[in-house]
Structure formats: structure tokens, C-alpha cells
Amino acid sequence: MFSISSKNHKNSPSACVISVTGTHECCGVTHFCMALANYLCNVCKKSVAIAELGRHSSLGFLDYNTSRRHKDGFCIKGIVFYQKASISTVALLKAYGYDYIILDMGDNFDTLKNEFIMSSKRFIVCNLCDWKRHTAYTFLQNKCDTSLLKDSTLLYTFGTVQTAKVVSKQTGFPLYHIPFEENPLLIDSRNLVFYNNISKFVFAR
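Report follows, based on the coordinates. Since we're looking at a predicted model, the values are computed, not measured. (Residues numbered from 1 in each chain as written. Predicted model: local features only at pLDDT ≥ 70, side-chain atom pairs only at ≥ 80, totals over all residues. Heavy atoms only, no water.)

## Description of the side chain of Thr-171
Inspection of the secondary structure assignment puts Thr-171 in helix H6 (residues 161-171). A polar side-chain atom of Thr-171 sits 3.4 Å from the main-chain amide nitrogen of Phe-173. Apart from the residues within four sequence positions on either side, Thr-171 is in contact with Tyr-137, Leu-140 and Gln-141. (Helix = DSSP H or I, 4+ residues; strand = E, 2+ residues; numbered from the N terminus. Polar contact = N/O pair within 3.5 Å; in protein donor to acceptor, adjacent residues only side chain to side chain. Contact = heavy atoms within 4.5 Å.)

This is the structure:
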């Protein structure tokens with residue numbers, strides 16, 4: 001699926017910062033961040049934090065009754081969540097010793113572009129349904145230069161494989177489908193192949 005080396009991951013003294021942004025609102029950024037964090041934490045046994053940097057507070061729906069406080073955030077299933085975080089929060093997280101820090105940027109790319117560029121790994125999530133495809137295409141064509149797209153992994157939630165092929169041909173970069181998870185904190189075993197391949201990209205540090 002991904003043409004990336006599958007060398008074994010080795011611990012690094014510094015956290016790997018993973019940025020995830022969306023081409024527009026409600027295309028599945030937070031859902032993907034949580035699923036990826038769940039995989040890295042509970043399958044790969046790494047320490048993971050999610051910092052919410054988007055303009056909309058998507059983490060507010062989580063069941064705080066099942067969580068416990070951890071430093072300045074709250075912990076569910078081993079993942080530490082930092083709601084309504086800021087860039088200064090991210091600087092502090094790097095000192096906490098996490099293996100991975102996932103930055104949930106939502107659709108706030110314009111404000112956070114520098115942080116996105118400076119991250120170790122980058123994901124761009126699109127929604128390719130008929131009434132959103134033009135927004136995704138405009139984002140990929142006008143807000144990202146070729147080098148940034150080349151160093152990012154493009155994903156899509158809604159839309160057909162054929163549509164993804166058309167957008168891929170127009171932009172010159174492949175798009176990979178994120179399998180649906182009803183609960184991103186409980187990954188369906190049928191979807192593990194996708195996250196296994198994603199982890200190869202993440203681990204290629």
C-alpha cells in the first residue's frame with residue numbers, strides 16, 4: 001500500500017511529532033488522530049499524546065467518566081488527550097517523554113502551516129464526496145506546494161475509489177482510504193492492515 005521501508009522502529013530521545021490537518025471542516029481529522037493514537041499506544045506499545053489545535057473543540061464529546069487525569073490532560077485507554085491546546089502546550093509535551101505527539105489541527109491549516117511543515121510526519125485528510133471534492137482539490141492545488149505534498153501522506157474518508165483516482169491524477173499524488181471505525185478507540189481487526197501500513201510511514205523516522 002505505502003512504498004515505505006518497514007524497518008523496526010527504534011526509540012529516539014525526542015518525540016516524533018505527527019501533524020494531521022484537514023482540507024475542510026468535518027472531514028475526519030480527529031477520528032483518524034484517535035484511531036492512529038490507539039494503534040500506536042495499544043498495538044505498538046508506545047506512549048502517545050494528542051494535542052487538539054483545531055478551531056473546533058472536537059474532544060469535548062469524550063466520556064470523562066472513563067478517563068483519569070494525567071499531567072495537564074486526561075487519559076483514556078493509555079492515550080493522553082490535551083483539549084484546546086496551543087503551540088506552547090506542544091513545546092511542553094516534548095519535555096514529557098512521549099514517543100509520539102499527534103497534533104490534531106482540524107481545518108486550521110492556514111494558521112498552523114509552519115507547525116505542520118516542521119512536524120516529523122504529516123497527514124492531510126480529505127472528504128471526496130461530490131459536494132466536498134472541489135474544496136479538497138482547491139486545498140491541494142492552492143495551499144500546498146509540491147514539496148509539501150510529496151512529504152505528506154494524503155488520506156480520504158468519504159468518496160469512491162474512482163474519485164480518489166481522479167483527484168490523484170489531477171494533483172499528481174496518491175490518496176489512501178481511511179477505513180471506517182465506529183469507535184476509533186476500538187479498532188476493528190479487519191482494519192489493522194491499514195494501520196500496519198500507516199505505522200511503516202510513521203516509524204520511518
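## Focus: the packing of helix H1 (residues 29-42) against helix H7 (residues 192-203)
Contact geometry for H1 and H7: axes closest at 10 Å, N-to-C directions at 80°. Taken as axis vectors, H1 and H7 run roughly perpendicular relative to one another. Contacts between H1 and H7 pair Phe-32, Ala-35, Leu-36, Tyr-39 and Leu-40 from the former with Leu-192, Phe-194, Tyr-195, Asn-196, Ile-198, Ser-199, Val-202 and Phe-203 from the latter. Here the residues of the contact of H1 with H7 sort into eleven nonpolar, two polar and no charged. (Axes fitted to C-alpha atoms, helices over the stretch in contact; angles between N-to-C directions. Parallel < 35°, antiparallel > 145°, perpendicular 65-115°, else oblique. Nonpolar A, V, L, I, M, F, W, Y, C, P; charged D, E, K, R; others polar.)

## Some thoughts on the packing of helix H4 (residues 133-142) against H6
Close contact between H4 and H6 brings their axes to 10 Å; oriented N to C, the two are set at 25°. It follows that H4 is roughly parallel to H6 by the angle criterion. Seen along the crossing, H4 lies across H6 with a hand that is right-handed. Counting all contacts with H4, which are made through Arg-133, Tyr-137, Leu-140 and Gln-141, the residues of H6 involved are Thr-163, Val-167, Gln-170 and Thr-171. (Left-handed = near helix turned anticlockwise from the far one by under 90°.)

## Focus: H7
Between the first and last C-alpha of H7 there are 16 Å, a value that for twelve residues agrees with the 16 Å anticipated at 1.5 Å per step. Listing the buried residues of H7 in full gives Phe-194, Tyr-195, Asn-197, Ile-198, Ser-199, Phe-201, Val-202 and Phe-203. (Expected span 1.5 Å × (residues − 1). Buried < 20%, exposed > 50% of the residue type's maximum accessible area, 1.4 Å probe, protein only.)

## Quick notes on unusual backbone geometry
A positive phi angle, close to 60°, is found at Lys-45, a residue other than glycine. With respect to the secondary-structure elements, Lys-45 resides in the loop between H1 and strand E2 (48-52). A relative accessible area of 64% means that Lys-45 is categorised as exposed. Of note in this structure, Lys-77 is not a glycine but carries a positive phi near 55°. For Lys-77, the location among the structural elements is in the loop between strand E4 (73-76) and strand E5 (79-82).

## Regarding the packing of aromatic side chains
Across all of its chains, the model carries eight aromatic pairs by this definition. Ring geometry for Phe-109 against Phe-116: centres 5.5 Å apart, planes inclined by 75°, an arrangement best described as edge-to-face. For Phe-116, a relative accessible area of 0% gives the class buried. (Phe/Tyr/Trp six-rings, centres within 6.5 Å; stacked < 30°, edge-to-face > 60°.)

## So, the nonpolar core
Judged by nonpolar contacts, the single largest core of 36 residues is most densely connected at Ile-18, Val-20, Phe-32, Leu-40, Ile-102, Phe-123 and Val-202. Elements represented by at least two residues in this core include exactly strand E1 (16-22), H1, E2, E4, E5, strand E6 (100-104), strand E7 (121-126) and H7. Considering each element in turn, this core owes the most residues, ten residues, to H1. The residues contacting Ile-18, other than those within four sequence positions of it, are Leu-36, Leu-40, Tyr-100, Ile-101, Ile-102, Leu-103, Lys-121, Phe-123 and Val-202. By size, the runner-up hydrophobic cluster in this structure holds 33 residues, among which are Cys-75, Ala-85, Met-105 and Leu-149. (Core = buried A, V, L, I, M, F, W, Y, C linked by side-chain atoms within 4.5 Å.)

## Observations regarding the pairing of E1
Of all the seven residues making up E1, seven are buried; the element is thus mostly covered by neighbouring parts of the structure. A two-sided burial pattern is seen for E1, the buried positions comprising Cys-16, Ile-18, Val-20 and Gly-22 on one face and Val-17, Ser-19 and Thr-21 on the other. Where E1 and E6 come together, five bridges link them in parallel fashion. In the strand pairing of E6, Ile-18 is matched with Ile-102. (Pairing = 2+ DSSP bridges.)

## Quick word on H6
Here H6 has its buried residues at Thr-163, Ala-164, Val-167, Ser-168 and Thr-171. Around the axis of H6, the buried residues are gathered within 135° of arc, so they sit on the same side. Residues Gln-162, Lys-165 and Lys-169 are exposed on H6 and point more than 90 degrees away from its buried face. Looking at the buried side of H6, the elements it contacts are H4, strand E8 (153-156) and strand E9 (175-177). (Arc of directions from axis to C-beta.)

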